[in-house]
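Descriptive analysis of the structure
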Amino acid sequence: MPSFPPPGGVTVCEINRDLVVADSLSEDRAKEAYGDVLGMVFSRIPFQPDDLLTKHEAPAPDDAEPSESVPRASLVSTVAESLKKMLFPSCDPKLLEEFDTQKVSWNPHKHCLAFVSGKDQVTVHDFEDSDSKESCILTSEHQKEVKAIEWRPNSGKMIAVGCKGGICLWSASYPGNVPSVKSGVTSSSFGAFPRGSTGQWILVDVLRGSSTELVSALCWKPDGRYLASASCNGQSFTIWDVSQGLGTPIRRGLSSISLVRWSPSGDYFLTAKFDGTFHLWETNTWTSEPWSSSNGYVTGANWDPEGRVALLSFSNSTTLGSVHFSSKPPSLDAHLLPVELPEISSLIVSRGIEKLAWDASGERLAVSFKDGNETYHGLLAVYDVRRSPLVSVSLVGFIRGPGEGVKPLAFAFHNKFKQGPLLSVCWSSGWCCTYPLILRSH
C-alpha cells in the first residue's frame, strides 16, 4: 500500500518504501528517523514565498498585496511586459510557472542547496557549514526577475542565475581563493556569508542578452564548459562558452522555449516550446528532430543516468512519455512510449502533471499534479522507477509539506548524494524542506 500522510502530519523521510510522518518538523524527529543512518540532518530553510505565491495562485490584481522588500516593476518594464505579451501571448508569467524552470538546485559535489526565494533573489544554504545555520542571500542590481538557477559542474562553488536581460554568474570567495571579476560588473554585487563564516559570494560575470529577454531556462553541459540558456520571449536558445563570455544562438526558427535539458553524456540535448512541440538534438553537429504531442505542452523533462531515455510530462495528460533512443549517438532514431500513472487520474482526480524530478540513480521520481481532490490536493507523489529496459513506475506514497493548504512550488533531487535519493521541496508555506529517500537499491 502506498504511504499516505494524514492531515496535520508532515513527512520526514522515506525508509524502504515507507514515508515516515511526524506531528511537526523538528531536528530531533529527523535525527531519530534518519540521522544515525546518514550522519547528518537537513534542517528546513525559511523563505518569503509571497512573490512566488502571487504567480502560483494567480489572484486578481486588486488582491495582490505589495511586498515591502520587493519593489514593483517600473513603468518601462510594465510597457515592455505588455509588448512581450502582444508578441508572445504564450509567455504569460502564470503559464511560465507551470513549467519546471529549475528553481531548486543542489551543488553536484557538496551538500550546498540553492533555490529561488523571491522575485530578485536566490538563497544558498551550506549544510556542511556546522558553524552556522543561517543562509546566504544573493542579490544584485543586475539580477531582476529570477526564473532559473543551476550549479556549474566541476567548478567548486559557481552558480548561474537566469533573469531579465541575461545570466548572473556567482562564485564563492574565500581568503586565498578570490575569483576574478569580469569588467563591467559592479563591485556592489555581493552576497554576504552567514555570521561566523570567512567568505562571501561575488558576482563575477553577467552573460548579457537583450534588455527585454527573460532567461527562463538554464542547463550546464555535464563537463561544465558550456551553458545553455533560453528565453520564453526569445527567438532562439544560446550555447555560452562561459570562460570566454561568448554566446552562440541556435536559431532554426525556435521561439518561446520553455525548457532545455542536456543529457548526462552531453551527446543529446532536449528543448521544449510553449506550443506543444519539442526537439531532440545531437550535439556533434547540432542536428535536431522535431516532435509534437496531442496532450498539451511539455511541463517537465529529465534524462535517465545513461542519457538514453528522456522522461517527459505534458500539461493535459496524467500519462508520462518516455523517449527511448534505439541507436548510439549521434543517431536521433527514437521511440516515444507511454508511462502510465493510473493513481493520478483515478485516485487523485487530477487534470495533469505539473512538474517532475527524476533522481540521477534512476530509482525515484517525484511528481506534482494539478488540482486533485480535497484528500490529495497539495501533496507530492513519489514513485519507484524500474528500467528493464522500458520505464515502469509504482507509487511509493505522498509527501505532505508543513502548514495548512500548502503545495509544492519547486523541487529537485541532489544528483550526487552517495547515500541515495535526496529531494528538496520549496513549499508555499515558506519552507524549503529536504527529504532523504533511503532505500535498498535495485
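Here, the structure is the one placed above.
Computed from a predicted model, the values in this text were never measured in an experiment. (Residues numbered from 1 in each chain as written. Predicted model: local features only at pLDDT ≥ 70, side-chain atom pairs only at ≥ 80, totals over all residues. Heavy atoms only, no water.)

**Description of the overall build of the chain**
The helix and strand tally for the chain stands at five helices and 31 strands. Burial status across the chain gives 57% buried among its 442 residues. Relative to all contacts within the chain whose residues are 6 or more apart in sequence, the contacts with residues 24 or more apart total 53%. (Helix = DSSP H or I, 4+ residues; strand = E, 2+ residues; numbered from the N terminus. Buried < 20%, exposed > 50% of the residue type's maximum accessible area, 1.4 Å probe, protein only. Contact = heavy atoms within 4.5 Å.)

**Topic: the sheet that holds strand β16 (residues 246–250)**
If you trace the four strands from one edge of the open sheet to the other, you get β13-β14-β15-β16, paired in antiparallel fashion. The strands lining the two open edges of the sheet, one partner per strand, are β13 (215–220) and β16. Shown here is a sheet whose adjacent strand axes are inclined to one another by a mean of 25°, direction ignored. Sheet topology places strand β14 (residues 226–231) next to strand β15 (residues 237–241); five bridges connect them, and they run antiparallel. Bridging from a neighbouring strand, A228 pairs with I239 of β15. (Pairing = 2+ DSSP bridges. Axes fitted to C-alpha atoms, helices over the stretch in contact; angles between N-to-C directions.)

**Remarks on the sheet that holds strand β18 (residues 268–273)**
In a beta sheet, neighbouring strands are held together by backbone hydrogen bonds and run either parallel or antiparallel to one another. A sheet is described by the order of its strands in space; here four strands give the open sequence β17-β18-β19-β20, paired in antiparallel fashion. This sheet does not close on itself; its edge strands, each paired only once, are β17 (257–262) and β20 (287–292). Here the strands of the sheet are splayed against their neighbours by 20° on average, with no regard to which way each runs. In this structure, β18 lies alongside strand β19 (residues 277–282), joined through five bridges in antiparallel fashion. Looking across to β19, one finds that A272 is bridged to F278.

**Things to note about unusual backbone geometry**
P329 connects to P330 through a cis peptide bond whose omega is 10°. With respect to the secondary-structure elements, P330 resides in the loop between β23 (320–325) and β24 (334–339). Geometrically, the link from S388 to P389 is a cis peptide bond, its omega value of -10° lying close to zero. By secondary structure assignment, the location of P389 is in the loop between β27 (380–387) and β28 (391–399). Even without glycine at this site, E145 takes up a positive phi of about 55°. Inspection of the secondary structure puts E145 in the loop between β7 (136–138) and β8 (148–151). Note on E145: relative accessible area 18%, which makes it buried.

**Some remarks on the nonpolar core**
Formed by 25 residues in total, the largest nonpolar core has its most connected members in Y34, F42, L113 and F115. Broken down by secondary-structure element, the contributors of at least two residues to this core are β1 (10–15), β2 (18–22), α1 (27–38), β4 (104–106), β5 (112–118), β29 (408–413), β30 (422–427) and β31 (431–438). Setting aside chain neighbours within four positions, we find F115 in contact with I45, F47, K103, V104, V122, T123, I149, C426 and C432. (Core = buried A, V, L, I, M, F, W, Y, C linked by side-chain atoms within 4.5 Å.)

**Examining the environment of P338**
Residue placement: P338 occurs in strand β24. With a relative accessible area of 57%, P338 lands in the exposed category. For the pair P338 and L312, spaced 26 residues apart in sequence, the C-alpha separation works out to 9.7 Å. Apart from residues no more than four positions distant in its own chain, P338 is found in contact with T319 and L320.

**Describing the packing of aromatic side chains**
A complete count under the given rule lists 19 aromatic pairs for this structure. Each ring, one from F237 and one from W281, has its centre 5.2 Å from the other, and the planes form 80°; the classification is edge-to-face. Taken together, the residues F237 in strand β15 and W281 in strand β19 connect sequence positions 44 residues apart. According to the relative accessible area criterion, F237 is buried, its value standing at 0%. (Phe/Tyr/Trp six-rings, centres within 6.5 Å; stacked < 30°, edge-to-face > 60°.)

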